[in-house]
Amino acid sequence: MTNYDAIDFSPIMDLTEGEVVTHSPVRDVRLPSGKVLALITLDNGRDHTRPNTLGPATLTELGETLAGLRARAAAGEIAAVGITGKQYILAAGADLSDISRVGSRDNARLIAQLGHKVLGSLSTLGVPSFAFVNGLALGGGVEIALNSTYRTVDASAAALALPEVFLGIIPGWGGAYLLPNLIGIENALEVVISNPLKQNRMLKPQQAFELGMMDAIFPAANFLEDSLRWADAVLGGKKVERKNEPGKIERLTKWPIAIKMARGMLESKIGTVPRSPYAALDLLDKAKSGTREEGFAREDEALADLVTGDQFAASMYAFDLVQKRAKRPVGAPDKTLAKKVTKVGIIGAGLMASQFALLFVRKLQVPVLITDLDQARVDKGVAYIHDEIGKLEAKGRLDADSANKLRGLVTGTTDKSLYADCDFVIEAVFEEVGVKQAVFGEIEKIVAEDAILATNTSSLSVEEIGSKLAHPERLVGFHFFNPVAVMPLIEIVKTPATTDAALSTAFVVAKGLGKNAVLTADAPGFVVNRLLAKVMGEAARAVYEGTPVADVEKAFGPLGLPMGPFQLIDLVGWKVAAHVQDTMVHAFPDRFYANENFHALADLAEVVEKDKGGRVTGFTKAADKLVKQAAGSTPTPAAEILRRVQDGLAHEIRLMLDEGVVPEVEDIDLCLILGAGWPFIDGGASPYLDREGASERVFGATFHTPVIRGIANA
């Protein structure tokens, strides 16, 4: 058992320089029964845009506060302790900037141990402790609640989550032990592992309450008053039922089965490269027995291992890109230059166009017009949009009035003259230059001179698309990623003619849609598709050399992508993939691979077979027959396939930087993280390629100096 009181924490006090300290003032609250509850309010003195965080100085102060309250409890002065946060926020967890500069494994362990010492003391005060979760609670914020005796939550709280696995670490202040023992193993697996791996999914307060993470939920209007009244009732003997708390039978039977199934799911979905999900799984497994102290000690060691590793260092690089660089796009003109958008036009009414329309109407809440060649297609598109709005209403994400308002804002027609008062018109038509030129040529004669035109092309030249326009300066590339509602990236493409007003409007619209925008030059494939085409091309090359498709998928495993190359091709569509490969080969014939046989595959109804986890296991019989007509008979070793794709990516990224496709390598990594789901634990492509030696092999240097590595490998 670790004696946290005997540990010298002075080595990590150096990390407090520059820390925005979250203070823990206390006030006594007399409850209706006459009992006194000492209420701590965590507050860093900043507004809600700067959440409370838990750095070493904050934890030390909170520890001193709790020690004082323990003494008051022993003296009989207080009957309970409560802890809540400033308006809208309990705490957003540990101060990650502190953790990322710990300097050694011993210091990393001290960070874990300090959290356990302080938060763990919430359960050893001599009186019950109550966490009143009044707002955002992430990581250590949730662990404050878990270490408390009882918990309430504000029904309007922004989100609750244990996101550590997403960042390459584990819940290290009690979460991995306390949560499964509170809500059961299956629920804990969802919160600790599954949700972080689903693009860092958060819990709404009602979900947290239903899972059993919270004992009571109250409306925002009187949250604190209701919580205090509830706490008084609990102190008076009110029984708190926890229906998901695991019993002996769950620990003996359900627990090991759930862990085994989760391990299989992880191996199928993400492979074995990511460390943190498996470390979390082991901690959750061992939490079924033993003491809290033993559980905390295991978390101390696991966190120390992960914090000093490469994957956490890369995750912190990625986190900084998403939290800072993505919010201040490089090259975006002054937003005051943007044209106000009061009506949006969408050329096309197919699935992609309908997804655009749904996103624009939901986020911008302005009239949206869709058109197509015939009324039947238009009606189908409008029906899809109305149906999706209905689904949101059924899920409670829209009330009836809001849903009806959104439906009323969407109109469909074959009469293109109605584009006349649109400020922003985007096409979603077939990926062919001539088709796009034709539709824009027709629309340009209808819209106002200052209306902005946008193309959603995935790889064609925006400049060529606009070459027949009377005003090509109003055209921008506005490239979404599938699925449109989910993927957070838009590549905004500037041609030599594009005005700052058009560009500014595009950035303002992207932000209004809730997307992150990255500015790119008008180069084939822009950023994401150019690099994914390299990945897919190398996969195709290996197959046509004679390598079984399942072996190719496995060879790409160390890249850490969310899916293998052929699984990705199957998702985006074989025709689309074939077209992108052709575009890239046409632009760079010496560097990209395509095969005419690919087009024959694209004509098939089904090309690949998959397992239950969605992983590609082989070609269908029809596809296998087609491939064998064009493939060689010499399988390529996995190591060679991986090296080819690593070196190819390093070469392509270096060329893109030299060509000025984006200003810096950070923009390429940001695009890959947001647009291709490249994992945080890689930090995008460039830190991974540096660590794997591909950068040195290809151009004799590295993208980052020093290379982004963990303390253990620096």
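Scroll up to find the structure this text is about.
Remember, predicted model here, so these are calculated numbers, not experimental data.

1. With respect to the side chain of serine 129
Alright, step 1. With respect to the helices and strands, the residue serine 129 is situated in strand 5 (residues 129-133).
Alright, step 2. Once residues lying within four places of it in the same chain are set aside, the contact partners of serine 129 are Val81, Leu122, Asn147, Ser148, Thr149 and Tyr150.

2. Focus on the pattern of salt bridges
Alright, step 1. Evaluated as defined, the whole model comprises 38 salt bridges.
Alright, step 2. Linked through salt bridges whose partners overlap, the residues forming this network are Arg105, Asp106, Arg109, Glu301 and Asp305.

3. Here we look at unusual backbone geometry
Alright, step 1. Between asparagine 482 and proline 483 the backbone carries a cis peptide bond, its omega angle lying at -5 degrees.
Alright, step 2. Counting through the fold element by element, proline 483 comes out in the loop between strand 15 (475-479) and strand 16 (489-494).
Alright, step 3. Here threonine 705 and proline 706 are connected by a cis peptide whose omega angle stands at 0 degrees.
Alright, step 4. Turning to its location among the elements, proline 706 is positioned in the segment after helix 28 (694-699).
Alright, step 5. Unusually for a residue other than glycine, glutamine 199 sits at a positive phi of about 55 degrees.
Alright, step 6. One can find glutamine 199 in the loop between helix 6 (185-197) and helix 7 (205-211).

4. Here we look at the pairing of strand 1 (residues 26-30)
Alright, step 1. Pairing between strand 1 and strand 2 (residues 36-42): five bridges, direction antiparallel. By the bridge assignment, arginine 30 is partnered in strand 2 with valine 36.
Alright, step 2. The turn joining strand 1 and strand 2, which pair antiparallel and follow one another in sequence, is formed by five residues; a positive phi near 100 degrees is taken by glycine 34.

5. Regarding the packing of aromatic side chains
Alright, step 1. Scanning all chains against the criterion turns up 15 aromatic pairs.
Alright, step 2. For the ring pair phenylalanine 360 and phenylalanine 480, a centre distance of 6.4 Å and an interplane angle of 70 degrees mean the geometry is edge-to-face. Pair noted here: phenylalanine 360 is in helix 13 (residues 351-364) and phenylalanine 480 is in the loop between strand 15 and strand 16, with a separation of 120 residues, a long-range link.
Alright, step 3. Judged by relative accessible area, which is 0%, phenylalanine 360 ranks as buried.
Alright, step 4. Judged by relative accessible area, which is 4%, phenylalanine 480 ranks as buried.
Alright, step 5. The ring centre of phenylalanine 588 lies 4.2 Å from the NZ or CZ of arginine 591, which sits over that ring.
Alright, step 6. Positioned above the aromatic ring of phenylalanine 699 is the side chain of arginine 654, whose terminal nitrogen or guanidinium carbon lies 5.5 Å from the ring centre.

6. Looking at the packing of helix 3 (residues 105-120) against helix 11 (residues 292-307)
Alright, step 1. Where helix 3 contacts helix 11, the axes come no closer than 8 Å and their chain directions differ by 145 degrees. In terms of crossing hand, the pair formed by helix 3 and helix 11 is right-handed. Counted together, Arg105, Ala108, Arg109, Ala112, Gln113, His116 and Gly120 of helix 3 and Arg292, Phe296, Glu299, Asp300, Glu301, Leu303, Ala304, Asp305 and Val307 of helix 11 form the full contact between these two elements.
Alright, step 2. A breakdown of the residues in the contact of helix 3 with helix 11 according to their chemical character gives six nonpolar, three polar and seven charged.

7. A closer look at the environment of glutamate 666
Alright, step 1. For glutamate 666, the position within the fold is in helix 26 (residues 665-675).
Alright, step 2. By relative accessible area, glutamate 666 is classed as partly exposed at 21%.
Alright, step 3. Along the backbone, glutamate 666 and glycine 614 are 52 residues apart, and their C-alpha atoms lie at a distance of 31 Å.
Alright, step 4. With residues up to four places along the chain from it excluded, the contact list for glutamate 666 reads Tyr317, Leu321, Arg325 and His704.

8. As for a positive patch on the surface
Alright, step 1. Together, Lys204, Lys363, Lys395 and Arg397 make up a positively charged patch on the protein surface.
Alright, step 2. Mapped onto the fold, lysine 204 is located in the loop between helix 6 and helix 7.
Alright, step 3. Classification of lysine 204 as exposed rests on a relative accessible area of 52%.

9. Observations concerning the pairing of strand 14 (residues 452-455)
Two faces belong to every sheet, and in a regular strand the side chains alternate between them.
Alright, step 1. Of the two faces of strand 14, the one lined by Ile452 and Ala454 and the one lined by Leu453 and Thr455 are each fully buried.
Alright, step 2. The pairing of strand 13 (residues 424-427) with strand 14 spans four bridges and is parallel. Paired with isoleucine 426 across the strands is alanine 454, a residue of strand 14.
Alright, step 3. This β-α-β element, strand 13 to helix 16 (residues 433-444) to strand 14, shows right-handed connectivity.

Cut-off values and rules
- Residues numbered from 1 in each chain as written.
- Predicted model: local features only at pLDDT ≥ 70, side-chain atom pairs only at ≥ 80, totals over all residues.
- Heavy atoms only, no water.
- Helix = DSSP H or I, 4+ residues; strand = E, 2+ residues; numbered from the N terminus.
- Contact = heavy atoms within 4.5 Å.
- Salt bridge = Lys/Arg side-chain N within 4 Å of Asp/Glu carboxyl O.
- Pairing = 2+ DSSP bridges.
- Phe/Tyr/Trp six-rings, centres within 6.5 Å; stacked < 30°, edge-to-face > 60°.
- Buried < 20%, exposed > 50% of the residue type's maximum accessible area, 1.4 Å probe, protein only.
- Lys NZ or Arg CZ within 6 Å of the ring centre and 35° of its normal.
- Axes fitted to C-alpha atoms, helices over the stretch in contact; angles between N-to-C directions.
- Left-handed = near helix turned anticlockwise from the far one by under 90°.
- Nonpolar A, V, L, I, M, F, W, Y, C, P; charged D, E, K, R; others polar.
- Patch = residues over 30% accessible without salt bridge, like charges linked within 9 Å, V, L, I, M, F, W, Y side chains within 5 Å.
- Areas by Shrake-Rupley, 256 points an atom, 1.4 Å probe, with all protein chains shown as cover.
- Lys, Arg positive; Asp, Glu negative; His and termini not counted.
- Charge placed at Lys NZ, Arg CZ, Asp CG, Glu CD.
- Right-handed = clockwise from strand over helix to strand, strands pointing away.

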